[in-house]
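# Summary of structural features
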Amino acid sequence: MSAQALTAAGRADVAHHLHPYTQLRQLEQDGPLVIVRGEGVQVFDEHGKGYIEGMAGLWCASLGFSEARLADAASRQLRTLPYYHTFTGKVPGPVTALVDKLLNHWAPTPELSRGRVIFANSGSESNDTAFKLVRYYHNAKGQPQKKKIIARQKGYHGVTAAAASMSGLAMMHQHFDLPLPGILRVGAPHHYGQALPGESEAAFVDRLIAELEETIAREGAHTIGAFIAEPVQGAGGVIIPPPGYFERVQAVLKRNEILFLADEVITGFGRLGQRFGCDAFGLKPDMVTVAKMLTSAYVPMSALFVSEQIYQVIADTSAGVGTFGHGYTYSGHPLACAVALETLNIYETDDVMAHVARMAPRLQAGLQRFASHPLVGQARGMGLIGALELAEDPAARKPFDPKRGVGAEFIRRAQARGLILRVIGGDVIAFSPPLVINEAEIDTLLERTAQALDETLDWVRRG
């Protein structure tokens, strides 16, 4: 679409809206895709064209775009108590119900069910909270040097200053004067992209663990407060760790008394085919961040699970200070709590986890069929998340020059076919449809993917 062809909404957007994660000069030329309504797994633009939302928005609209039960829950809460806060010992009613539901039915691990939950509005804010609690906890224990955070290349933990610093994507740091001091970086468990020639998955894991141990030895365990990781790295390229990786990482952390922070913003609540990444990979973290599918993204909300051990130290220390000096105006917003409660109820009553287990093999098998496509270096995924990593020479695992914009061209072709996907981490095409997608919709998603791949291949061959 040219700027001249934009509707009034599109022209106003280009003139006044600063878009996140957008090539801004390109947007000025092409204008935005204006989405005006949603139905099931589809969204519709201002001209009435429908698109399968193959990313569930931003990995988050788990129940699709028209779940009336969530709208009704929001409406009831808005008429009853539209806002109240959780500062100074106050609590709006839905908060207590949500905390009970999370700890007694949806805690990522049995240990965390005995801990506490603190709410925020986004994964970024909850990861910032975890960053601060690492400092608070170690200061309270008389370990003021134990502050550094080990984070991974290609990790994504949010855009607030601390969360972006922990993230391992260069575009999030350039010109923002990030990362903040005290962030240590180790490799991502991306065998396809980072293994040495001929290196097996087991040998690759050996090398990553050696790197982690060498980093701790170099810096000193007494200076390192925590290690943060997504069970499956999302925005960095849908990176699924090799077998044994997390088991060995956790052993290193435990041996060196380093806290483990699990970022389940994308993977929490069924995306991987199990309730949490903690279930899928046997994780036992000290804190877990959840967001996105907690409310099916209908209302902004996030939560941080905090272990009982950490809570007790924080509570004792804050008593000496006089208050626990952290929180947000909208922490535990009653509207968000009501929608979260209904979302969790729907997951249970509709047995959404079982539905994901039925649908996942169809999506994963479909993605694997593209593994032999001339543009595809690797197809990977689990549950209802997946990726196609494009390559100029798949046999040699040689990526395209990023300047060619092959992934972006594929996204344009898919969108023209009525499929919204996202290019991430280079020329990696991500898939993360709503958890309620059905077999026919998966087949249509895969058919449109095939068409867009073939059109992109023709475009590449034409130079």
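Anything mentioned here points back to the structure above.
Per-chain numbering applies: the sequence of each chain, read as written, is numbered from 1 onward. Confidence filtering applies because this is a predicted model: local features only for residues at pLDDT of at least 70, side-chain atom pairs given and counted only at 80 or more, and all residues used for totals across whole chains, interfaces and linings. With hydrogens and water stripped out, all remaining heavy atoms of the structure feed into the side-chain values.

## Structural notes on the nonpolar core
Applicable threshold: For this analysis, a nonpolar core means a set of buried residues of the types Ala, Val, Leu, Ile, Met, Phe, Trp, Tyr and Cys, connected via side-chain atoms within 4.5 Å. In this scheme, a residue with accessible area under 20% of its type's maximum is buried, one over 50% is exposed, and one in between is partly exposed, where area comes from a 1.4 Å probe on protein chains only. Counting from the N terminus, the helices are DSSP H or I runs at least four residues long and the strands are E runs at least two residues long. Residues count as neighbours in contact if any of their non-hydrogen atoms are within 4.5 Å of one another.
Counting residues in hydrophobic clusters, the biggest one holds 88 residues, and the most contacted among them are Leu98, Leu102, Phe227, Phe269, Phe305, Tyr347 and Leu388. The element that contributes the greatest number of residues to this core is helix α13 (residues 334-349), accounting for nine residues. Aside from chain neighbours lying at most four places away, what touches tyrosine 347 is Ser62, Leu63, Trp106, Phe269, Met293, Val352 and Met353. By size, the runner-up hydrophobic cluster in this structure holds 21 residues, among which are Ala130, Tyr137, Met166 and Met287.

## Comments concerning the pairing of strand β3 (residues 50-53)
Basically, it comes down to this: Strand pairing is assigned whenever DSSP detects at least two bridges linking the two strands.
Pairing geometry for strand β2 (residues 42-45) and β3, over three bridges, is antiparallel. Along β3, the bridge assignment pairs phenylalanine 44 with glycine 50. In this antiparallel pair of consecutive strands, β2 and β3, the connection spans four residues, and glycine 48 shows a positive phi of 95 degrees. Pairing geometry for β3 and strand β13 (residues 419-420), over two bridges, is parallel. Bridge pairing in β13 links glutamate 53 to isoleucine 420.

## Regarding the packing of helix α4 (residues 68-80) against α13
Rules: Geometry is summarised by axes, namely lines fitted to C-alpha atoms with helices restricted to the contacting stretch, and by angles between N-to-C directions that run from 0 to 180 degrees. With respect to orientation, any angle under 35 degrees is reported as roughly parallel, any angle over 145 as roughly antiparallel, any angle of 65 to 115 as roughly perpendicular, and every other angle as oblique. For any helix crossing, the convention is left-handed if the near helix is rotated counterclockwise from the far helix by under a right angle, and right-handed if that rotation is clockwise. Residues are grouped as follows: nonpolar covers Ala, Val, Leu, Ile, Met, Phe, Trp, Tyr, Cys and Pro; charged covers Asp, Glu, Lys and Arg; every other residue, Gly included, is treated as polar.
Across the interface, α4 lies against α13 with an axial gap of 9 Å and an inter-helix angle of 150 degrees. The orientation of α4 with respect to α13, classified from their angle, is roughly antiparallel. Considering how the two elements wind past one another, α4 and α13 form a crossing that is right-handed. Residues Arg69, Leu70, Ala73, Ala74, Arg76, Gln77 and Leu78 of α4 form the contact with α13, whose own contacting residues are Pro334, Leu335, Ala338, Val339, Glu342, Thr343, Ile346 and Thr349. Taken together, the residues that form the contact of α4 with α13 break down as nine nonpolar, three polar and three charged.

## Details of the sheet that holds strand β11 (residues 376-382)
Reading across from one edge, β11-β12-β15-β14 is the order of the four strands in this open sheet, with antiparallel pairing throughout. Either end of the sheet is taken by a strand with one partner, and the two such strands are β11 and β14 (422-424). Recorded for the sheet is a direction-independent mean angle of 25 degrees between the axes of neighbouring strands. Here three bridges tie β14 to strand β15 (residues 428-431), and the two strands are oriented antiparallel to one another. Across the sheet, isoleucine 424 pairs through a bridge with valine 428, a residue of β15. Where helix α14 (residues 352-368) meets the sheet, it contacts β11, β12 (385-390) and β15, and its direction lies at approximately 170 degrees from that of β11.

## Overview of helix α6 (residues 123-140)
Quick reminder of the rule: Helix span is expected to be 1.5 Å times the residue number reduced by one.
Here α6 is 18 residues long and its end C-alpha atoms lie 25 Å apart, about the 26 Å a rise of 1.5 Å per residue gives. The buried count for α6 comes to 13 of 18 residues, which makes it a mostly enclosed element. Two residues or fewer after α6 comes glycine 142, characterised by a positive phi angle close to 75 degrees.

## Considerations on unusual backbone geometry
Cis geometry marks the peptide bond from leucine 178 to proline 179, where omega comes out at 5 degrees. At alanine 56, a residue that is not glycine, the phi angle is positive and equals roughly 50 degrees. Within the element layout of this structure, alanine 56 appears in helix α3 (residues 56-59). The exposure class of alanine 56 is buried, given its relative accessible area of 0%. Even without glycine at this site, threonine 88 takes up a positive phi of about 50 degrees. Mapped onto the elements, threonine 88 comes out in the loop between α4 and α5 (93-105). When its relative accessible area of 68% is taken as the criterion, threonine 88 is described as exposed.

## Side note on the pairing of strand β5 (residues 148-152)
Here is the rule we go by: By convention, orient the strands away from the viewer: a clockwise path from the first strand over the helix to the second makes the crossover right-handed.
Burial of β5 is extensive: four of the five residues sit out of reach of the surface. Summarising the sheet, β5 and strand β7 (residues 224-229) pair through three bridges and their orientation is parallel. Residue pairing in the sheet places lysine 148 in a bridge with isoleucine 224 of β7. For β5 and strand β6 (residues 183-186), the ladder comprises four bridges, and the chain directions are parallel. Across the sheet, residue alanine 151 finds its bridge partner in β6, namely arginine 185. In this fold, the crossover linking β5 to β6 by way of helix α7 (residues 161-166) has right-handed handedness.

## Details of a nonpolar patch on the surface
The line we're drawing: Like-charged residues are merged into a patch within 9 Å and nonpolar side chains (Val, Leu, Ile, Met, Phe, Trp, Tyr) within 5 Å, provided each residue has over 30% relative accessible area and no salt bridge. Residue-level accessible areas treat just the shown protein chains as cover; the underlying method is Shrake-Rupley with a 1.4 Å probe. Just to be clear on terms, a salt bridge is a Lys or Arg side-chain nitrogen sitting within 4 Å of an Asp or Glu carboxyl oxygen.
Nonpolar side chains collect at one region of the surface, where Tyr21, Val159 and Met171 lie side by side and expose about 320 Å² of accessible area between them. Along the polypeptide, valine 159 turns up in the loop between β5 and α7.

## What about helix α15 (residues 406-416)?
When α15 is considered as a whole, its buried residues turn out to be Val406, Gly407, Glu409, Phe410, Ile411 and Ala414. Next to the buried residues of α15 lie β12, β13, β14, β15 and α16 (439-461). At the C-terminal side of α15, glycine 418 shows a positive phi close to 90 degrees.

## Topic: the sheet that holds strand β1 (residues 35-39)
The strands making up a sheet are joined through hydrogen bonds of the backbone, oriented either antiparallel or parallel. Read across the sheet, four strands follow the order β1-β2-β3-β13 without closing on themselves; strand pairing throughout is mixed. A single partner strand is all that each edge strand has here, and the edge strands are β1 and β13. α16 contacts β3 and β13 of the sheet and is inclined by roughly 100 degrees relative to β3.

## Here we look at the side chain of glutamate 230
Applicable threshold: By the criterion applied in these results, polar contacts are pairs of N or O atoms within 3.5 Å in which, for protein atoms, one can donate a hydrogen and the other can accept it, and in which residues neighboring in sequence qualify only through two side-chain atoms.
Looking at the element boundaries, glutamate 230 is found in the loop between β7 and α10 (245-255). Here glycine 234 takes part through its backbone nitrogen, which lies 3.1 Å from a polar atom of the side chain of glutamate 230. In contact with glutamate 230, other than residues within four places in its own chain, are Arg152, Lys154, Gly155, Tyr156, His157, Phe246 and Asp263.

## Notes on the side chain of glutamate 67
Relative to the helices and strands, glutamate 67 is located in the loop between α3 and α4. At a separation of 2.9 Å, a polar atom in the side chain of glutamate 67 contacts the side chain of arginine 69. Apart from residues lying up to four places away in sequence, glutamate 67 is in contact with Tyr298 and Ile346.

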